[in-house]
Amino acid sequence: MTANHLADLRTIIERLDSCGRLTRVTTEVDPKFDLAGIAAHFESKPRAVLFEKVKGYDVPVFTGLYWSRELLAQLMAQEEATLPGFVSGCIQNWQKKPVPPVMVDHGPILDGGPHPLDLSTLPIPIHAIKDGGPYFDAAVVIARDPETGVRNASIQRFMVVDKDTLHINIDAGRHLGLYLEKAKQRNESLTFSLNCGVGPGLHFAAATPAEAAPPDTDELGIASEFHGAPLELVHGRTLPVHIVANAMYALECEMIPGELGNEGPFAEVTGYYASREPRPVVHVRAIHARPDPVFQTILSGSEVWNSVGLLGEANVLATLQRQVPGTRDVYFSHGGCGFYHAVVQIEQQRAGWSR
Ligand SMILES: Cc1cc2nc3c(=O)[nH]c(=O)nc-3n(C[C@H](O)[C@H](O)[C@H](O)COP(=O)(O)O)c2cc1C
Ligand SMILES: [Mn+2]
């Protein structure tokens, strides 16, 4: 089984380009504020954007993979209207018969040779004027349960503090928080990999809500489902972590339970700033980059409403279809930021059914 194009961001970018779904910005752009400001002009249009010349760096920055359902549907060879049903079907396939990831000896992420342990060498943008620093906001965390070793995938935002330190925002109820708590009980640190520059298979696996992917399951199998082949992982070189073999960048990270530092402000998906608060500290112990990497970032806005909304729709659709006969479709509105407002379409079975 070989994986399809969704398993590799470079192939995805080439695909988008060849079907007229990529805007290339060729003038030099400052990663501090300007990049996000210019990207906002392209937001929600059915084209992603590649910033080819980023001031101070020789690595391009890619954004906009999720801000248009039209683009995403074409990339995934689906109809836009039935995308939630497709995503929901893939997650249900995984629940019934998971295709576990495989550990391989080799992958593009290990081909780049030694990389300096210095985050300032990466073109990490600062999006909004009051943001507390540059942010990783599109990278996938792969951690392992300190007791059972079961892998968990999630997306968290990470603020860059210095050359090898990040501060992370872990919302209440997240499995990563659970793992950190378990590590604390065991008097251990918690290690994980941070994988930046991946496709929708991995992002959807990471964003699958806890209700659909309980903590005793390896939700990385969801990526295998989208890729049509087992997700390939390699072992970390410095820490006992698992890394996505095709990621553009991968960081080997360690958290020491109880260690806190200020994170934020950060311009959130709701259009408000998240406040600056003490949140967990992350030590970066190694950085890997593919040869000719591309840095991926997500704009706080329709890109998140669409991606998180799509996963929410897929999950609510599956749940409602089990419980309410006649459920046809679910839509998480942009007004609700893809989180807070759902519209449900049903086939009326009798008067008053919708209520
Ligand atoms: C772009 C994006 C950014 C996100 N940022 C955060 C974040 O900073 N902190 C957080 O706890 N969850 C964040 N999430 C949500 C979690 O990744 C999501 O709820 C995931 O399912 C959590 O995984 P878990 O159920 O394994 O804990 C973000 C999701 C997306 C798509
Ligand atoms: Mn989980």
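Residues numbered from 1 in each chain as written. Chains lettered and ligands numbered in written order. Predicted model: local features only at pLDDT ≥ 70, side-chain atom pairs only at ≥ 80, totals over all residues.

(A) The site of ligand 1, seen in detail. Taken together, the neighbourhood of ligand 1 is formed by 21 residues, with Ser154, Arg157, Asp171, Arg174 and His175 sitting nearest. Looking at the shell around ligand 1, the elements that each hand over two or more residues are strand 7 (151-155), helix 5 (175-185), helix 6 (200-207) and helix 8 (302-323). Its residues assigned to classes, the shell around ligand 1 shows 10 nonpolar, seven polar and four charged. (Near = placed C-beta within 6 Å. Helix = DSSP H or I, 4+ residues; strand = E, 2+ residues; numbered from the N terminus. Nonpolar A, V, L, I, M, F, W, Y, C, P; charged D, E, K, R; others polar.)

(B) Highlighting the pairing of strand 11 (residues 232-235). Of the pairings in the sheet, the one linking strand 4 (residues 102-103) to strand 11 comprises two bridges and is parallel in character. Following the sheet pairing, valine 102 is matched in strand 11 by glutamate 232. As defined by bridge partners, strand 11 adjoins strand 12 (residues 242-244) across three bridges and the pair is classed as antiparallel. When the bridges of strand 12 are listed, valine 234 appears paired with isoleucine 243. The antiparallel pairing of strand 11 with strand 12 creates a hairpin that spans six residues between the two strands. (Pairing = 2+ DSSP bridges.)

(C) Here's a closer look at unusual backbone geometry. With omega at -5°, the peptide bond leading from glycine 264 into proline 265 counts as cis. If you trace the backbone, proline 265 turns up in the loop between strand 14 (260-263) and strand 15 (266-267). Backbone geometry places phenylalanine 33, a non-glycine residue, at a positive phi of 70°. Structurally, phenylalanine 33 can be placed in the loop between strand 1 (22-25) and helix 2 (34-42). Here asparagine 187, not a glycine, exhibits a phi torsion of approximately 60°, which is positive. Relative to the elements of secondary structure, asparagine 187 occurs in the loop between helix 5 and strand 10 (190-196).

(D) Molecular detail of helix 4 (residues 83-96). The first and last C-alpha atoms of helix 4 sit 20 Å apart over 14 residues, in line with the 20 Å expected at 1.5 Å per residue. Of the positions making up helix 4, those classed as buried are Pro84, Val87, Ser88, Cys90, Ile91 and Trp94. Here the buried residues of helix 4 occupy an arc of 155° about the axis, which is enough to place them on one side. On the buried face of helix 4, the contacting elements are helix 6, helix 7 (221-227), helix 8 and strand 19 (327-332). (Expected span 1.5 Å × (residues − 1). Buried ≥ 20, exposed ≤ 12 C-beta atoms within 10 Å, placed from the backbone. Arc of directions from axis to C-beta. Contact = placed C-beta atoms within 7 Å.)

(E) Spatial organisation of the sheet that holds strand 2 (residues 48-51). Taken in spatial order, the four strands of this open sheet run 1-2-3-18, and their pairing is mixed. On the outer flanks of this sheet lie strand 1 and strand 18 (295-296), each paired with one strand and no other. As paired elements, strand 2 and strand 3 (residues 61-63) share three bridges and run antiparallel to each other. Note on strand 3: the bridge partner recorded for leucine 50 is phenylalanine 62. Sitting on the sheet, helix 1 (residues 9-18) is in contact with strand 1, strand 2, strand 3 and strand 18, with an inclination near 100° to strand 1. Sheet strands touched by helix 2: strand 1, strand 2 and strand 3. Its angle to strand 2, the strand with the most contacts, is close to 150°. (Axes fitted to C-alpha atoms, helices over the stretch in contact; angles between N-to-C directions.)

(F) Highlighting the environment of histidine 203. Its place among the elements puts histidine 203 in helix 6. Accessibility expressed as a C-beta count within 10 Å gives 24 for histidine 203, which makes it buried. The residues contacting histidine 203, other than those within four sequence positions of it, are Val140, Ile155, Val198 and Ser307.

(G) Local environment of the packing of helix 4 against helix 8. Viewed as axis vectors pointing N to C, helix 4 and helix 8 meet at an angle of 70°, and their least axial separation amounts to 8 Å. As judged from the angle between their axes, helix 4 and helix 8 are roughly perpendicular. In the packing of helix 4 onto helix 8, the handedness of the crossing is right-handed. Each of Leu83, Pro84, Gly85, Val87, Ser88, Ile91 and Gln92 in helix 4 lies in contact with helix 8, whose residues at this interface are Leu310, Leu311, Glu313, Ala314, Leu317 and Ala318. Per-class residue counts for the contact of helix 4 with helix 8 are nine nonpolar, three polar and one charged. (Parallel < 35°, antiparallel > 145°, perpendicular 65-115°, else oblique. Left-handed = near helix turned anticlockwise from the far one by under 90°.)

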